[in-house]
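# Fold and contact review
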Amino acid sequence: MHKLRTGIAAFVFGTLVAASTARAQPAPTPPTVATYVQAEYPQAAHDAGREATVDLEIVIGVDGLVRDARVVTPVGDGFDAAALAAVQKFVFVPATKDGQPIAAKIQYRYTFKIAAPEPAPPAVITTGQIEGRLLSRTEGTPIAGVEIVVTGADASIHRVTTDEAGTFVLVDLPAGKYHIAIAALDHASFAQDEEVVPGEAASVTYRLTPTLTGEDAGAFGAVATIEAPTREITRRSIGGEEAMKVAGTRGDPLRAVELLPGVARPPSGQGMIIVRGSAPGDSQVFLDGAPVYELYHLGGLTSFVNGSLLKRVDLYPGNFSARYGRRIGGVIEAELRDPRTDGYHASTDVNMIDASVLVEGPIGDKASFALAGRRSYIDAWLGPVLKSTGAGVAATPVYTDWQAIATYKAGLHDKLRLTGYGSTDDINILIADPSGAPTNRDRIGLANSMNRIRADWTHTWPDVDQAISLTVGKRAYQIGVAAALAIDADVLDVFGRADWKAAISKKVELRWGLDIQRVVVDMNYNAPLIPQQEGNPDKSLPDAMTNTQFAGRGTMFRPAGFVEAAVTPIPALEIVAGVRVDHFGEISEWAVDPRATARYTLGTTTFKAGLGRFSQPPAEGEALRGIGNPDLRAEHAMHYDFGFDHKLSERISFGVEGYYKHLDHMIVAGASGMRNNSGSGRIYGVEVAGRWQPGGRFSGFLSYTLSRSERNDSGTWRLFDYDQTHILTLSGTEKLGHGWELGGTFRLVSGNPETPVVGSIFDADVDKYRPLYGAVNSARSSVFHRLDIRVEKQFQLSGHRCAGYLDLQNAYNRQNREGTAYNFDYSQRADTPGLPIIPSLGIKGEL
């Protein structure tokens, strides 16, 4: 019933980073081994069973050749001379500074180890090696003394420790895939898969992200992540730690999605996601792969998930993978992290709007748990504040939410996870009638609840990865407008997913799976048929209402399957092609949606393009006999994208992307009010994205969207209700030192379209004036702009990490216009202001 309930950032980077990027140079890089030469083992030492490690100092020229080498600490027995003879034949990739090769001096540790005797030499070379270096991501300095654990596909374990230069080498590894795991003190954990090729040396450089300690510690509960290969043409991601620092979001990573390119500003107080000019109900939010219909609590202040539990949030604004379906707009994927296993932890966050608590820790050696909960108390003061601004609306929202996670790692190849989550919302709205006359519709009551449980099993074979999940839960909602209407519904959701991924060869990866959805709705409906809201200037209920009575059940069974192949014919080019097949049981319709994307990398620039077909069934209730039209068909969209991404340095990047979307079979209300598929639409625009990744004192992003979204539901093209021509966002966070951080977010957005009132006419039958409207959406409200500021001070209290913060929304109290109110005969008008300045002063702490 999402649509039914809805019825009631070309800039290169912008002024935020221009001064820095104008001078930005490529980050310096250390020398790495390009040609490794095996030393000749001293025969006498070998016969005596002696092994040794020789520390050397090597001078490398700008051409990568060894210019000088000496033994730092001699060990004798011929090892020193053998090591010197070998390293003098090494060839390196030279070190660079400002993009130019330079001479360098490094420390290198050469290890002599007697290999286990073999019955006979192999006819062919079957082993290879992994060699590399471990560096700090922010400073570029080597990290010494760190143990690296390498696990083979056969569960064999190999261990090596980095030397003073941060280098390491693992030799004589059987060909195949290996999992690299690194846990360095004061650095984020790192994991990466590598492949060993017979007779070759895989040369790698790993850069670990420092995790600050003491009073400069980072966000509570946030974790670092490793970027996965991008399968969609565009994926815009915000890591948990970065997103919790964005000003104006109250530390909610999901709220930060609203600031990314392609995402429009929702009307004040409405928790909706508007992606690339699509209707709010045309985009889907997934939590660990299961669809979520209410991302935000009522009023749109915060999402229903504790931000400290989020691992990452990905936005796919268009041309998303065949893994996702049943939507023609965009996709947001939120992923929960596993609970911590390094001890027991508790954190809390108490502010002026709500309070939350999180407890997590290990259960034995293989399991861990996390429990979180939150409750609001904004109802105690928001209503009076809104009333004092003359907003004409007084609201008293109350919300709660909870999350529970239990993870069990049965071994190297299996993990089981049980997740539960839920939320409740209750809001009562008092609307002041513009004429001052009492009505029977001045009170609106809305209540939602959701509770779910989910089971996941992931298993890894040598060449195949498997992930299977089952989510079961119930939703309930109630809508009431005084005595005029009442809608109550109980919904049972069942979502099943099975995903498999296999490396067919070095150049081909195959992914396939099943996606099954079953929804059962039990509804009591006593209300008039809700008129079309989008494109309708008169969204109010009629004066003389004829309620439709309905009590019954609707069942939606929507199975789907998909297959997708990622082909890399040459290292610089990746082509992803797939197809998704859906069956929408409630309307007995099949949808076959082919999709394809391509990415070509040239140096530090990646060009990308994509096209695909997307299908969407009617919303819950739209095709339900008795209150909807069972003859409705699915809506469809074609997505076309082209753009590029460019890295200025390791931490600074920007991208530009153009897109066009054609919509057909759109569901609209006909002349009789009955829904049909006669609508169409077109959406096109350009997006600019700039990122300054975390890792130093400053991090931030820029997003700009130039777009136009139009609909045709009555033979004439018009603007979409939520069309926003210009959307500019600048956001950044600076670490000031001594635990202080300062962040700001500025947003400048075109006003929403509106239909002007050009006059009025007196209706004697109801004894009131009725408005006469001009062309639909032919005017716009004033430009929206707002500055949000976040100040945070981190400190230690009795050995525990704490932080006090002030998150100030609408810092200069801009009176943004969100609507228009008229007097009784529509001869005078007044602006309806949006939210005023809202401070959220809070404190958080972690045990």
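What counts, and at which threshold
Residues numbered from 1 in each chain as written. Predicted model: local features only at pLDDT ≥ 70, side-chain atom pairs only at ≥ 80, totals over all residues. Heavy atoms only, no water. Helix = DSSP H or I, 4+ residues; strand = E, 2+ residues; numbered from the N terminus. Buried < 20%, exposed > 50% of the residue type's maximum accessible area, 1.4 Å probe, protein only. Areas by Shrake-Rupley, 256 points an atom, 1.4 Å probe, with all protein chains shown as cover. Pairing = 2+ DSSP bridges. Axes fitted to C-alpha atoms, helices over the stretch in contact; angles between N-to-C directions. Contact = heavy atoms within 4.5 Å. Salt bridge = Lys/Arg side-chain N within 4 Å of Asp/Glu carboxyl O. Polar contact = N/O pair within 3.5 Å; in protein donor to acceptor, adjacent residues only side chain to side chain. Phe/Tyr/Trp six-rings, centres within 6.5 Å; stacked < 30°, edge-to-face > 60°. Lys NZ or Arg CZ within 6 Å of the ring centre and 35° of its normal. Arc of directions from axis to C-beta. Patch = residues over 30% accessible without salt bridge, like charges linked within 9 Å, V, L, I, M, F, W, Y side chains within 5 Å.

The secondary structure content of the chain amounts to 6 helices and 50 strands. With 847 residues in all, the chain has 50% of them scored as buried. Here the chain displays about 36,700 Å² of accessible surface, and carbon together with sulfur accounts for 59% of that area.

Bridge count for strand 32 (residues 573-584) against strand 33 (residues 589-602) is 12 bridges, and the pairing is antiparallel. Each residue of the ladder has a partner; that of Leu 573, found in strand 33, is Tyr 600. Sheet topology places strand 33 next to strand 34 (residues 605-616); 8 bridges connect them, and they run antiparallel. Residue Ala 596 lies in a different strand from strand 34, and its bridge partner there is Leu 611. Hairpin connection between strand 33 and strand 34: a loop of 2 residues separates the two successive antiparallel strands, and Gly 603 in this loop has a positive phi of roughly 65°.

Turning to the sheet that holds strand 7 (residues 104-112), a few remarks are in order. If you trace the 3 strands from one edge of the open sheet to the other, you get 3-2-7, paired in antiparallel fashion. The open sheet has two edge strands with one neighbour each: strand 3 (66-71) and strand 7. Adjacent strand axes in the sheet meet at a mean angle of 30°, parallel and antiparallel pairs treated alike. For strand 2 (residues 52-60) and strand 7, the ladder comprises 9 bridges, and the chain directions are antiparallel. When the sheet's bridge partners are listed, Val 59 is paired in strand 7 with Lys 105. Most of the contacts of helix 4 (residues 79-87) go to strand 2, to which it runs at about 35°, and overall it touches strand 2, strand 3 and strand 7.

All right, on to the pattern of salt bridges then. Scanning the model with the defined rule gives 51 salt bridges in all. In this structure, Glu 57 engages Lys 105 in a salt bridge whose closest nitrogen and oxygen atoms are separated by 3.8 Å. Of this pair, Glu 57 sits in strand 2 while Lys 105 is found in strand 7, placing the two residues 48 residues apart along the sequence. Given the relative accessible area of 15%, Glu 57 is considered buried. On the basis of relative accessibility, which here comes to 56%, the residue Lys 105 falls in the exposed class. We note a salt bridge from Glu 687 to Arg 276, for which the minimum N-O separation is 2.8 Å. On the criterion of sequence distance, the pair formed by Glu 687 in strand 37 (residues 675-692) and Arg 276 in the loop between strand 17 (274-275) and strand 18 (284-287) is long-range, its members being 411 residues apart. Looking at Glu 687, the relative accessible area reads 1%, which means it is buried. Owing to a relative accessible area of 2%, Arg 276 belongs among the buried residues under this scheme. One connected set of salt bridges, linked through shared partners, spans Arg 323, Arg 326, Glu 333, Arg 497, Asp 499, Asp 515, Arg 580 and Asp 582.

It is worth spelling out the side chain of His 345 at this point. Note on placement: His 345 falls in strand 22 (residues 345-350). A distance of 2.9 Å separates a polar atom in the side chain of His 345 from a polar atom in the side chain of Asp 342. Setting aside residues no more than four positions away along its own chain, His 345 makes contact with Arg 340, Leu 358, Val 359, Glu 360, Glu 846 and Leu 847.

The subject of this paragraph is the packing of aromatic side chains. A full pass over the atoms with the stated rule returns 27 aromatic pairs. When the centroid spacing of 5.6 Å and the interplanar angle of 90° are considered together, the rings of Tyr 41 and Phe 112 count as edge-to-face. You can see Tyr 41 sitting in the loop between strand 1 (32-35) and helix 3 (43-47) and its partner Phe 112 sitting in strand 7, a full 71 residues away along the chain. In this structure Tyr 41 comes out as buried when scored by relative accessible area, which is 18%. Geometrically, the ring pair formed by Tyr 769 and Phe 824 is edge-to-face, given 5.8 Å between the ring centres and 75° between the ring planes. You can see Tyr 769 sitting in strand 44 (residues 768-773) and its partner Phe 824 sitting in the loop between strand 48 (817-822) and strand 49 (829-833), a full 55 residues away along the chain. Owing to a relative accessible area of 28%, Tyr 769 belongs among the partly exposed residues under this scheme. Three or more aromatic residues joined by ring pairs form one cluster here, namely Tyr 36, Tyr 41, Phe 79, Phe 90, Phe 92, Tyr 108, Tyr 110 and Phe 112. Stacked on the ring of Phe 784, the Lys or Arg Arg 265 has its end atom at 3.9 Å from the ring centre.

One turn of an α-helix holds 3.6 residues; hence residues three or four places apart share an orientation. The set of residues buried in helix 4 consists of Phe 79, Asp 80, Ala 82, Ala 83, Ala 86 and Val 87. Within helix 4, the buried residues cover an arc of 165° as seen down the axis, which keeps them to one side. For helix 4, the elements touching its buried residues are helix 3, strand 2, strand 3 and strand 7.

Across the sheet, 4 strands lie side by side as 10-9-12-13; this open sheet has antiparallel pairing. Each having just a single partner strand, strand 10 (157-161) and strand 13 (190-196) make up the two edges of the open sheet. Put simply, the sheet's adjacent strands are angled 25° from each other on average, direction ignored. Here 5 bridges tie strand 9 (residues 147-152) to strand 10, and the two strands are oriented antiparallel to one another.

The grouping of Leu 418, Ile 453, Leu 470, Val 472 and Leu 492 at the surface amounts to a nonpolar patch, some 390 Å² of accessible area in total. For Leu 418, the position within the fold is in strand 26 (residues 414-431).

What follows concerns unusual backbone geometry. Residues other than glycine seldom take positive phi values, yet Arg 276 does so here, at roughly 50°. Positive phi, close to 65°, is recorded for Arg 326, a residue that is not glycine. On the secondary structure map, Arg 326 appears in the loop between strand 20 (310-316) and strand 21 (331-336). Owing to a relative accessible area of 6%, Arg 326 belongs among the buried residues under this scheme.

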